[in-house]
Amino acid sequence: MTSGKDIHIISFNVPFPADYGGVIDVYYKLKAIAALGIRVHLHCYQYGRPASPELEKLCFKVYYYKRKIFKDPYFTRQPYIVATRNTPEILQNLLKDDYPIIFEGLHCCHYLEHPALKNRMKIVRMHNIEHIYYRSLARIERNIFKKYFFYSEASRLKSFEKVLECAEYIAAISPDDYQSLKMKFDDVIYLPAFHANNSVTSTPGKGEFALYHGNLGIGENNEAALYLTKEVFKDFDYPLIIAGMNPSKELRKAVEECPNINLLPKAGTGEISNLISEAHINILPTFQNTGMKLKLINVLFQGRHCIVNDAMVHHTGLEPMCHIARTPKNTRETLLKLKDIPFTEEEIESRKSYLNVHFNNERNAANFARQIKMPTNEIIEPLHAVR
(Lines give C-alpha, C1' and ligand atoms only; values in the text may rest on other atoms or scores of the structure.)
Protein backbone atom coordinates (compact mmCIF):
# COMPACT_ATOMS: atom_id res chain seq x y z
CA MET A 1 0.00 0.00 0.00
CA THR A 2 1.18 3.53 -0.76
CA SER A 3 1.17 6.31 1.80
CA GLY A 4 1.58 8.99 -0.87
CA LYS A 5 4.62 10.18 1.06
CA ASP A 6 7.23 7.56 0.15
CA ILE A 7 9.69 7.25 -2.71
CA HIS A 8 12.41 4.81 -3.78
CA ILE A 9 15.77 6.16 -4.96
CA ILE A 10 18.17 3.73 -6.66
CA SER A 11 21.72 5.08 -6.51
CA PHE A 12 24.62 3.81 -8.63
CA ASN A 13 26.93 4.14 -5.61
CA VAL A 14 26.74 4.91 -1.90
CA PRO A 15 26.07 8.67 -2.02
CA PHE A 16 27.84 9.61 1.21
CA PRO A 17 30.34 11.10 1.64
CA ALA A 18 29.17 13.41 -1.14
CA ASP A 19 32.62 13.99 -2.54
CA TYR A 20 32.35 13.65 -6.31
CA GLY A 21 30.02 14.85 -9.06
CA GLY A 22 27.33 12.19 -9.40
CA VAL A 23 26.91 11.30 -5.73
CA ILE A 24 26.78 15.00 -4.79
CA ASP A 25 23.58 15.38 -6.83
CA VAL A 26 22.12 12.14 -5.40
CA TYR A 27 22.90 13.00 -1.77
CA TYR A 28 21.65 16.58 -1.75
CA LYS A 29 18.58 15.62 -3.78
CA LEU A 30 17.54 12.91 -1.35
CA LYS A 31 18.29 15.26 1.55
CA ALA A 32 16.03 17.95 0.07
CA ILE A 33 13.28 15.43 -0.72
CA ALA A 34 13.41 14.05 2.83
CA ALA A 35 13.14 17.61 4.19
CA LEU A 36 9.75 17.90 2.42
CA GLY A 37 8.36 15.15 4.63
CA ILE A 38 8.75 12.41 2.00
CA ARG A 39 10.10 9.09 3.29
CA VAL A 40 13.07 8.01 1.19
CA HIS A 41 13.75 4.30 0.62
CA LEU A 42 17.33 4.37 -0.66
CA HIS A 43 18.89 1.50 -2.63
CA CYS A 44 22.69 1.69 -3.08
CA TYR A 45 24.93 -0.35 -5.30
CA GLN A 46 28.08 -0.73 -3.29
CA TYR A 47 31.69 -0.93 -4.48
CA GLY A 48 34.59 0.54 -2.54
CA ARG A 49 32.43 2.70 -0.25
CA PRO A 50 31.14 1.50 3.14
CA ALA A 51 27.60 1.62 4.49
CA SER A 52 26.79 5.07 5.85
CA PRO A 53 25.10 5.89 9.18
CA GLU A 54 24.53 9.41 7.79
CA LEU A 55 22.24 8.01 5.09
CA GLU A 56 20.33 5.97 7.63
CA LYS A 57 19.59 9.16 9.58
CA LEU A 58 18.15 10.85 6.49
CA CYS A 59 16.28 7.94 4.92
CA PHE A 60 13.37 5.81 6.11
CA LYS A 61 15.29 2.72 5.01
CA VAL A 62 18.61 2.04 3.26
CA TYR A 63 19.37 -1.11 1.24
CA TYR A 64 22.85 -2.09 0.06
CA TYR A 65 23.62 -4.37 -2.89
CA LYS A 66 27.04 -5.54 -3.98
CA ARG A 67 27.88 -4.37 -7.48
CA LYS A 68 28.95 -7.24 -9.74
CA ILE A 69 32.37 -6.99 -11.31
CA PHE A 70 33.12 -8.91 -14.50
CA LYS A 71 36.69 -9.84 -15.34
CA ASP A 72 35.70 -9.55 -18.99
CA PRO A 73 33.89 -6.20 -19.53
CA TYR A 74 32.58 -7.49 -22.88
CA PHE A 75 30.84 -10.44 -21.23
CA THR A 76 27.36 -8.94 -21.67
CA ARG A 77 25.44 -7.28 -24.47
CA GLN A 78 24.16 -4.68 -22.00
CA PRO A 79 26.40 -1.73 -21.10
CA TYR A 80 28.89 -2.75 -18.43
CA ILE A 81 27.67 -0.01 -16.08
CA VAL A 82 24.14 -1.51 -16.30
CA ALA A 83 25.00 -5.22 -16.32
CA THR A 84 26.96 -4.85 -13.09
CA ARG A 85 23.89 -3.40 -11.35
CA ASN A 86 21.15 -5.98 -11.91
CA THR A 87 20.74 -7.66 -8.51
CA PRO A 88 17.41 -9.58 -8.42
CA GLU A 89 17.04 -8.65 -4.74
CA ILE A 90 16.43 -5.01 -5.65
CA LEU A 91 13.41 -5.96 -7.76
CA GLN A 92 11.99 -8.00 -4.89
CA ASN A 93 12.33 -5.02 -2.56
CA LEU A 94 10.74 -2.61 -5.06
CA LEU A 95 7.73 -4.92 -5.42
CA LYS A 96 6.90 -4.80 -1.70
CA ASP A 97 4.92 -1.58 -2.32
CA ASP A 98 3.84 0.70 -5.14
CA TYR A 99 5.86 3.86 -4.33
CA PRO A 100 7.41 5.96 -7.12
CA ILE A 101 10.98 5.08 -8.12
CA ILE A 102 13.86 7.37 -9.08
CA PHE A 103 16.55 5.59 -11.10
CA GLU A 104 19.84 7.51 -10.82
CA GLY A 105 21.28 7.39 -14.34
CA LEU A 106 21.17 4.70 -17.02
CA HIS A 107 23.49 2.78 -14.67
CA CYS A 108 20.50 1.76 -12.52
CA CYS A 109 17.96 1.10 -15.30
CA HIS A 110 18.27 -2.68 -15.69
CA TYR A 111 14.76 -3.16 -14.26
CA LEU A 112 13.21 -0.01 -15.74
CA GLU A 113 11.35 -1.99 -18.44
CA HIS A 114 10.55 -5.02 -16.26
CA PRO A 115 6.87 -6.05 -16.68
CA ALA A 116 6.38 -6.18 -12.91
CA LEU A 117 7.07 -2.42 -12.73
CA LYS A 118 4.89 -1.54 -15.71
CA ASN A 119 2.30 0.44 -13.72
CA ARG A 120 4.73 2.18 -11.35
CA MET A 121 5.71 5.85 -11.45
CA LYS A 122 9.29 5.69 -12.73
CA ILE A 123 11.62 8.68 -13.04
CA VAL A 124 15.14 8.49 -14.49
CA ARG A 125 17.60 11.16 -13.38
CA MET A 126 20.05 11.68 -16.24
CA HIS A 127 23.43 12.96 -15.06
CA ASN A 128 24.88 12.93 -18.59
CA ILE A 129 24.06 11.84 -22.10
CA GLU A 130 26.03 8.73 -21.32
CA HIS A 131 27.03 7.53 -24.78
CA ILE A 132 28.43 11.00 -25.57
CA TYR A 133 30.25 11.06 -22.24
CA TYR A 134 31.86 7.66 -22.83
CA ARG A 135 32.84 8.55 -26.37
CA SER A 136 34.56 11.62 -24.95
CA LEU A 137 36.39 9.43 -22.42
CA ALA A 138 37.54 7.23 -25.29
CA ARG A 139 38.80 10.19 -27.27
CA ILE A 140 41.18 11.34 -24.52
CA GLU A 141 42.19 7.88 -23.21
CA ARG A 142 45.73 6.81 -24.12
CA ASN A 143 45.62 3.22 -22.89
CA ILE A 144 44.54 1.24 -25.95
CA PHE A 145 42.53 -1.33 -23.97
CA LYS A 146 40.64 1.34 -21.99
CA LYS A 147 40.05 3.32 -25.18
CA TYR A 148 38.49 0.28 -26.84
CA PHE A 149 36.33 -0.36 -23.77
CA PHE A 150 35.05 3.23 -23.69
CA TYR A 151 34.16 3.16 -27.39
CA SER A 152 32.43 -0.20 -26.94
CA GLU A 153 30.56 1.05 -23.87
CA ALA A 154 29.47 4.19 -25.74
CA SER A 155 27.98 2.06 -28.51
CA ARG A 156 26.13 -0.16 -26.03
CA LEU A 157 24.86 2.84 -24.07
CA LYS A 158 23.51 4.47 -27.23
CA SER A 159 21.52 1.32 -28.01
CA PHE A 160 20.38 0.88 -24.41
CA GLU A 161 19.16 4.49 -24.13
CA LYS A 162 15.82 3.53 -25.73
CA VAL A 163 14.88 1.98 -22.36
CA LEU A 164 14.05 5.56 -21.28
CA GLU A 165 10.77 5.18 -23.17
CA CYS A 166 9.59 3.15 -20.16
CA ALA A 167 9.98 6.11 -17.77
CA GLU A 168 7.12 8.43 -16.91
CA TYR A 169 9.62 11.29 -16.52
CA ILE A 170 13.22 11.85 -17.55
CA ALA A 171 14.86 14.48 -15.32
CA ALA A 172 17.71 16.19 -17.19
CA ILE A 173 20.44 17.86 -15.13
CA SER A 174 21.22 20.68 -17.58
CA PRO A 175 19.33 22.74 -20.17
CA ASP A 176 21.52 21.33 -22.97
CA ASP A 177 20.78 17.74 -21.92
CA TYR A 178 17.09 18.66 -21.64
CA GLN A 179 17.04 19.83 -25.25
CA SER A 180 18.92 16.75 -26.45
CA LEU A 181 16.66 14.29 -24.62
CA LYS A 182 13.49 16.20 -25.60
CA MET A 183 14.25 15.48 -29.26
CA LYS A 184 14.00 11.71 -28.57
CA PHE A 185 11.60 11.22 -25.66
CA ASP A 186 8.34 12.56 -24.23
CA ASP A 187 7.93 13.87 -20.68
CA VAL A 188 11.43 15.26 -20.23
CA ILE A 189 11.76 17.78 -17.40
CA TYR A 190 14.64 20.01 -16.35
CA LEU A 191 15.68 19.41 -12.74
CA PRO A 192 18.72 21.55 -11.82
CA ALA A 193 21.71 19.96 -10.12
CA PHE A 194 21.58 19.58 -6.33
CA HIS A 195 24.64 20.69 -4.39
CA ALA A 196 26.11 21.55 -0.99
CA ASN A 197 25.50 25.31 -0.99
CA ASN A 198 22.66 27.02 0.87
CA SER A 199 23.58 30.53 -0.28
CA VAL A 200 26.29 32.51 -2.04
CA THR A 201 29.30 32.92 0.29
CA SER A 202 31.78 34.59 -2.10
CA THR A 203 33.89 37.30 -0.47
CA PRO A 204 34.82 40.63 -2.06
CA GLY A 205 38.40 41.68 -2.61
CA LYS A 206 41.47 39.98 -4.07
CA GLY A 207 43.31 36.69 -3.87
CA GLU A 208 46.84 35.88 -4.98
CA PHE A 209 46.47 32.83 -7.21
CA ALA A 210 44.34 30.96 -9.74
CA LEU A 211 42.88 27.53 -8.93
CA TYR A 212 41.90 24.48 -10.94
CA HIS A 213 40.37 21.60 -8.98
CA GLY A 214 38.89 18.17 -9.69
CA ASN A 215 39.52 14.45 -9.38
CA LEU A 216 42.61 14.22 -11.57
CA GLY A 217 42.19 10.47 -11.98
CA ILE A 218 39.24 11.20 -14.28
CA GLY A 219 40.31 11.61 -17.88
CA GLU A 220 38.52 14.86 -18.63
CA ASN A 221 39.98 16.53 -15.50
CA ASN A 222 43.48 15.30 -16.28
CA GLU A 223 43.11 16.66 -19.81
CA ALA A 224 42.00 20.07 -18.50
CA ALA A 225 44.87 20.22 -16.00
CA LEU A 226 47.40 19.33 -18.72
CA TYR A 227 45.92 21.98 -21.00
CA LEU A 228 46.34 24.65 -18.31
CA THR A 229 49.85 23.47 -17.45
CA LYS A 230 51.24 23.11 -20.96
CA GLU A 231 49.31 25.70 -22.94
CA VAL A 232 48.21 28.46 -20.56
CA PHE A 233 50.45 28.79 -17.47
CA LYS A 234 53.78 27.55 -18.79
CA ASP A 235 56.15 30.57 -18.90
CA PHE A 236 53.29 32.75 -17.62
CA ASP A 237 53.85 35.06 -14.66
CA TYR A 238 50.86 34.17 -12.46
CA PRO A 239 50.59 31.36 -9.87
CA LEU A 240 48.26 28.40 -10.41
CA ILE A 241 47.27 25.76 -7.87
CA ILE A 242 46.00 22.42 -9.21
CA ALA A 243 44.19 20.51 -6.46
CA GLY A 244 42.88 16.98 -6.79
CA MET A 245 43.58 13.32 -6.19
CA ASN A 246 45.29 10.82 -8.49
CA PRO A 247 47.23 13.07 -10.90
CA SER A 248 48.80 11.23 -13.83
CA LYS A 249 52.55 10.82 -14.21
CA GLU A 250 52.36 13.07 -17.26
CA LEU A 251 50.70 15.84 -15.26
CA ARG A 252 53.20 15.54 -12.38
CA LYS A 253 56.09 15.79 -14.85
CA ALA A 254 54.55 18.78 -16.64
CA VAL A 255 54.00 20.63 -13.34
CA GLU A 256 57.63 20.02 -12.29
CA GLU A 257 58.71 22.06 -15.32
CA CYS A 258 56.56 25.06 -14.26
CA PRO A 259 57.73 26.83 -11.09
CA ASN A 260 54.56 28.95 -10.98
CA ILE A 261 52.31 25.85 -10.66
CA ASN A 262 51.74 24.00 -7.39
CA LEU A 263 50.13 20.54 -7.46
CA LEU A 264 48.20 19.43 -4.36
CA PRO A 265 47.40 15.72 -4.91
CA LYS A 266 46.20 15.08 -1.36
CA ALA A 267 43.81 18.04 -0.99
CA GLY A 268 40.57 16.93 0.65
CA THR A 269 37.09 18.38 0.26
CA GLY A 270 37.53 20.93 3.07
CA GLU A 271 40.89 22.17 1.81
CA ILE A 272 39.57 22.51 -1.75
CA SER A 273 36.56 24.47 -0.49
CA ASN A 274 38.94 26.88 1.30
CA LEU A 275 41.05 27.22 -1.84
CA ILE A 276 37.97 28.03 -3.94
CA SER A 277 37.12 30.86 -1.54
CA GLU A 278 40.68 32.19 -1.26
CA ALA A 279 41.60 32.10 -4.98
CA HIS A 280 41.38 35.32 -6.93
CA ILE A 281 40.46 33.38 -10.06
CA ASN A 282 38.93 29.92 -10.38
CA ILE A 283 39.70 28.55 -13.82
CA LEU A 284 37.60 25.65 -15.13
CA PRO A 285 38.05 24.53 -18.72
CA THR A 286 36.47 21.27 -19.85
CA PHE A 287 36.42 19.32 -23.07
CA GLN A 288 33.27 17.37 -22.20
CA ASN A 289 30.04 19.31 -22.71
CA THR A 290 27.31 17.02 -21.37
CA GLY A 291 25.74 17.19 -17.93
CA MET A 292 26.21 19.99 -15.44
CA LYS A 293 29.60 20.48 -13.82
CA LEU A 294 28.92 20.68 -10.09
CA LYS A 295 32.33 22.18 -9.46
CA LEU A 296 31.25 25.20 -11.53
CA ILE A 297 28.21 25.65 -9.28
CA ASN A 298 30.43 25.41 -6.18
CA VAL A 299 32.85 27.98 -7.59
CA LEU A 300 30.07 30.46 -8.35
CA PHE A 301 28.56 30.04 -4.87
CA GLN A 302 31.89 30.21 -3.03
CA GLY A 303 34.55 31.87 -5.19
CA ARG A 304 35.52 35.11 -6.89
CA HIS A 305 36.27 35.56 -10.61
CA CYS A 306 35.66 32.50 -12.75
CA ILE A 307 37.19 31.75 -16.17
CA VAL A 308 35.65 28.95 -18.25
CA ASN A 309 35.50 27.82 -21.84
CA ASP A 310 32.35 27.36 -23.91
CA ALA A 311 32.00 23.65 -23.18
CA MET A 312 31.84 24.30 -19.42
CA VAL A 313 29.09 26.89 -19.48
CA HIS A 314 27.20 26.71 -22.80
CA HIS A 315 23.39 27.00 -22.34
CA THR A 316 23.58 26.63 -18.56
CA GLY A 317 22.22 30.09 -17.73
CA LEU A 318 25.50 30.69 -15.85
CA GLU A 319 27.28 32.46 -18.70
CA PRO A 320 26.79 36.04 -17.33
CA MET A 321 28.61 35.09 -14.10
CA CYS A 322 31.69 33.76 -15.91
CA HIS A 323 34.48 35.04 -18.14
CA ILE A 324 34.59 32.87 -21.26
CA ALA A 325 37.99 32.23 -22.82
CA ARG A 326 38.21 30.09 -25.95
CA THR A 327 41.95 29.76 -26.61
CA PRO A 328 45.17 29.66 -24.56
CA LYS A 329 46.00 33.19 -25.72
CA ASN A 330 42.52 34.43 -24.84
CA THR A 331 42.79 32.73 -21.43
CA ARG A 332 46.10 34.45 -20.64
CA GLU A 333 44.66 37.81 -21.74
CA THR A 334 41.67 37.29 -19.43
CA LEU A 335 43.95 36.32 -16.54
CA LEU A 336 46.01 39.49 -17.04
CA LYS A 337 42.85 41.59 -17.15
CA LEU A 338 41.39 40.11 -13.95
CA LYS A 339 44.47 39.61 -11.76
CA ASP A 340 44.41 43.15 -10.32
CA ILE A 341 40.64 43.69 -10.33
CA PRO A 342 38.95 43.12 -6.94
CA PHE A 343 35.79 41.02 -6.85
CA THR A 344 32.93 43.35 -5.86
CA GLU A 345 29.83 43.33 -3.68
CA GLU A 346 27.81 44.09 -6.82
CA GLU A 347 29.04 40.89 -8.45
CA ILE A 348 28.15 38.93 -5.33
CA GLU A 349 24.62 40.38 -5.29
CA SER A 350 24.21 39.51 -8.96
CA ARG A 351 25.13 35.89 -8.22
CA LYS A 352 22.75 35.79 -5.27
CA SER A 353 19.82 37.03 -7.35
CA TYR A 354 20.24 34.12 -9.78
CA LEU A 355 21.84 31.23 -7.91
CA ASN A 356 19.81 31.49 -4.71
CA VAL A 357 16.66 31.05 -6.82
CA HIS A 358 17.52 28.80 -9.75
CA PHE A 359 19.86 26.48 -7.81
CA ASN A 360 17.87 26.43 -4.57
CA ASN A 361 17.74 22.78 -3.44
CA GLU A 362 14.58 23.17 -1.36
CA ARG A 363 12.67 24.95 -4.12
CA ASN A 364 13.79 22.53 -6.82
CA ALA A 365 12.89 19.47 -4.73
CA ALA A 366 9.42 20.92 -4.07
CA ASN A 367 8.92 21.69 -7.77
CA PHE A 368 9.98 18.15 -8.64
CA ALA A 369 7.55 16.67 -6.08
CA ARG A 370 4.78 18.79 -7.56
CA GLN A 371 5.59 17.63 -11.10
CA ILE A 372 5.38 13.96 -10.14
CA LYS A 373 2.24 14.66 -8.07
CA MET A 374 3.61 13.77 -4.64
CA PRO A 375 2.18 15.47 -1.54
CA THR A 376 4.77 17.35 0.50
CA ASN A 377 4.93 19.66 3.50
CA GLU A 378 5.42 22.61 1.19
CA ILE A 379 4.99 23.29 -2.53
CA ILE A 380 6.85 26.24 -4.02
CA GLU A 381 5.96 27.61 -7.43
CA PRO A 382 8.78 27.18 -9.99
CA LEU A 383 10.89 30.24 -10.73
CA HIS A 384 13.44 28.71 -13.10
CA ALA A 385 13.06 28.02 -16.80
CA VAL A 386 14.98 26.14 -19.43
CA ARG A 387 17.04 28.55 -21.52
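Summary of the structure given here.

Thresholds, definitions, all that
- Residues numbered from 1 in each chain as written.
- Predicted model: local features only at pLDDT ≥ 70, side-chain atom pairs only at ≥ 80, totals over all residues.
- Heavy atoms only, no water.
- Phe/Tyr/Trp six-rings, centres within 6.5 Å; stacked < 30°, edge-to-face > 60°.
- Helix = DSSP H or I, 4+ residues; strand = E, 2+ residues; numbered from the N terminus.
- Lys NZ or Arg CZ within 6 Å of the ring centre and 35° of its normal.
- Axes fitted to C-alpha atoms, helices over the stretch in contact; angles between N-to-C directions.
- Parallel < 35°, antiparallel > 145°, perpendicular 65-115°, else oblique.
- Left-handed = near helix turned anticlockwise from the far one by under 90°.
- Contact = heavy atoms within 4.5 Å.
- Nonpolar A, V, L, I, M, F, W, Y, C, P; charged D, E, K, R; others polar.
- Core = buried A, V, L, I, M, F, W, Y, C linked by side-chain atoms within 4.5 Å.
- Buried < 20%, exposed > 50% of the residue type's maximum accessible area, 1.4 Å probe, protein only.
- Pairing = 2+ DSSP bridges.
- Right-handed = clockwise from strand over helix to strand, strands pointing away.

### Regarding the packing of aromatic side chains
- In the structure shown here, the tally under the stated rule is 10 aromatic pairs.
- Consider the rings of phenylalanine 16 and tyrosine 27, whose centres lie 5.1 Å apart with planes at 50°: the pair is tilted. Linking phenylalanine 16 in the loop between β1 (6-11) and α1 (21-35) with tyrosine 27 in helix α1, this pair joins segments that are 11 residues apart in sequence.
- An aromatic cluster is present here, built from Tyr80, Tyr133, Tyr134, Phe149 and Phe150 joined pairwise through their rings.
- Seen from the ring of phenylalanine 60, arginine 39 lies directly overhead, with NZ or CZ sitting 4.0 Å from the centre.

### Looking at the packing of helix α10 (residues 269-278) against helix α11 (residues 294-302)
- At a closest axis distance of 8 Å, the pairing of α10 and α11 adopts a crossing angle of 55°. When the axis of α10 is compared with that of α11, the two are oblique. The crossing of α10 and α11 is right-handed. For the pair formed by α10 and α11, the contact residues are Ser273, Ile276 and Ser277 on the first element and Asn298, Val299 and Gln302 on the second.
- Split by residue class, the contact of α10 with α11 holds two nonpolar, four polar and no charged.

### Re the environment of threonine 201
- Its place among the elements puts threonine 201 in the loop between β7 (188-190) and β8 (210-213).
- Every residue in contact with threonine 201, bar those within four places of it in the chain, is listed here: Phe301 and Gln302.

### Considering the nonpolar core
- Within the largest apolar cluster, 134 residues are counted, with the highest numbers of intra-cluster contacts made by Tyr212, Phe233, Ile242, Leu296 and Leu318.
- Beyond its immediate chain neighbours, meaning those up to four positions away, leucine 318 contacts Met292, Leu296, Leu300, Val313, Tyr354, Leu355 and Phe359.

### With respect to the pairing of strand β3 (residues 61-66)
- Bridge count between strand β2 (residues 39-46) and β3: six bridges; the pairing is parallel. For histidine 41, the partnering residue across the bridge sits in β3 and is lysine 61.
- A crossover links β2 with its parallel partner β3, the connecting element being helix α2 (residues 53-58), and its sense is right-handed.

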